[in-house]
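# Commentary on secondary and tertiary structure
What follows is the residue order along each chain.
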Amino acid sequence: MNIVGIETSCDETSVAVLSGAHILSSFTFSQADIHAVFGGVVPEVASRNHMQKIAPLFRKAMAHAGLDLQDIDLIAVTSAPGLIGALFVGVSFAKGLAFAMDKPIIPIHHLAGHILSAELSNPELKPPYTALVVSGGHTHIYDVTEENGQQPSFRLIGRTIDDAAGEAFDKVAKMLGGQYPGGPFIEKLAMDGDSQSIKFPIALRGEQNLSFSGLKTAVLTKIEQHTHEAKDIAASFQYTVAKTVQEKAFAAAKAAGRNKIVVTGGVSCNGALRRHFAQAVEAEGLQVYFPEIQLCNDNAAMIAYAAYRMTQNTDIAEYKDLSFAAGDTRHEIDVA
């Protein structure tokens, strides 16, 4: 089955073509440099750039895949969550394709795409497992199982009650003089720092949810006190985020009786976080799975693969309903 995936939830415009679980082509235009001058994503600017880039990216992806329109069996598009204007561009483009080509279309929840991208990178990985999505907009923990034979099912276990981990990276980077996006800046600054020099707090210990607002405040206090170098503050902050999400994910896995943990989302690119999980896994006897780096940030390949997984053992002809809307969160995954 040949699937076109479309992703426009925030500031990456992405189109991919998959044949089953095999990526034929995948192209992404990142707006990070455009939004850096504003210190964060400007929704209207993001939407306008999606409008300019989506059609050329679609043509490029199809040409690279070596397929014609009649070769496509299914169209998959991110429907939620995300910036409503950005989502509207992708959903409208996908609906236009589906209508013109008379092809089935399936709305995909953005977090389902992130979670299942780990399977795309690790073909041996199958549910059940615990999934941690850690990104600029989300920090969620799910228990992932399978229903009806092969379709994945997602049960929310815990989530941040305030800032996402990636948002905390962005804001701390700004405090330390860095630009958006903050993750690469913090990671580079922390390379020469001492991650044990400052004992920052881990919030909500013993609970399933997470919180990063207090950590941001603690970082700001240290900066204003002028008692530590920026590199040590960055390293200690980065360590605390990694330790926080690792402890929460491990606790969720143990509570659910899982021995496999998926870590995905944009922050999962962070090398320190990956090393922290690898070291902790050895001590606990668990298995941890990350997507390939190119599949950690927002991308359309994960959306197409999610559609492949959602439609296994089903008749895709039933997905010709165009009634869903941008921002529709009712599909596939619990975000409450």
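Residues numbered from 1 in each chain as written. Predicted model: local features only at pLDDT ≥ 70, side-chain atom pairs only at ≥ 80, totals over all residues. Heavy atoms only, no water.

A separate point is the sheet that holds strand S10 (residues 287-289). The strand order S8-S7-S6-S9-S10 describes an open sheet built from 5 strands, whose pairing is mixed. The two strands at the open ends of the sheet, each matched to only one other strand, are strand S8 (151-159) and S10. The mean angle between the axes of side-by-side strands here comes to 25°, regardless of whether they run parallel or antiparallel. The strands touched by helix H9 (residues 271-284) within the sheet are strand S6 (129-134), strand S9 (260-264) and S10, with S10 carrying the most contacts at an inclination of about 160°. In the packing of helix H10 (residues 300-310) onto the sheet, contacts are made with strand S7 (139-147) and S8, and the angle to S8 comes to roughly 120°. (Pairing = 2+ DSSP bridges. Helix = DSSP H or I, 4+ residues; strand = E, 2+ residues; numbered from the N terminus. Axes fitted to C-alpha atoms, helices over the stretch in contact; angles between N-to-C directions. Contact = heavy atoms within 4.5 Å.)

Running from N to C, helix H6 (residues 182-190) and helix H8 (residues 230-256) cross one another at 115°; their axes reach a closest spacing of 8 Å. For the element pair H6 and H8, the recorded crossing hand is left-handed. On H8, the residues that touch Ile 186, Glu 187, Leu 189 and Ala 190 of H6 are Ala 230, Lys 231, Ala 234, Ala 235, Phe 237 and Gln 238. Here the residues of the contact of H6 with H8 are counted per class, giving 7 nonpolar, 1 polar and 2 charged. (Left-handed = near helix turned anticlockwise from the far one by under 90°. Nonpolar A, V, L, I, M, F, W, Y, C, P; charged D, E, K, R; others polar.)

Take the side chain of His 110 next. Tracing the chain through its elements places His 110 in helix H4 (residues 110-121). At 3.1 Å, the side chain of His 110 forms a polar contact with the side chain of Asp 298. Discounting residues that sit within four places of it in the chain, His 110 has contacts with Glu 7, Ser 9, Thr 78, Ala 80, Pro 81, His 138, Asp 298 and Met 302. (Polar contact = N/O pair within 3.5 Å; in protein donor to acceptor, adjacent residues only side chain to side chain.)

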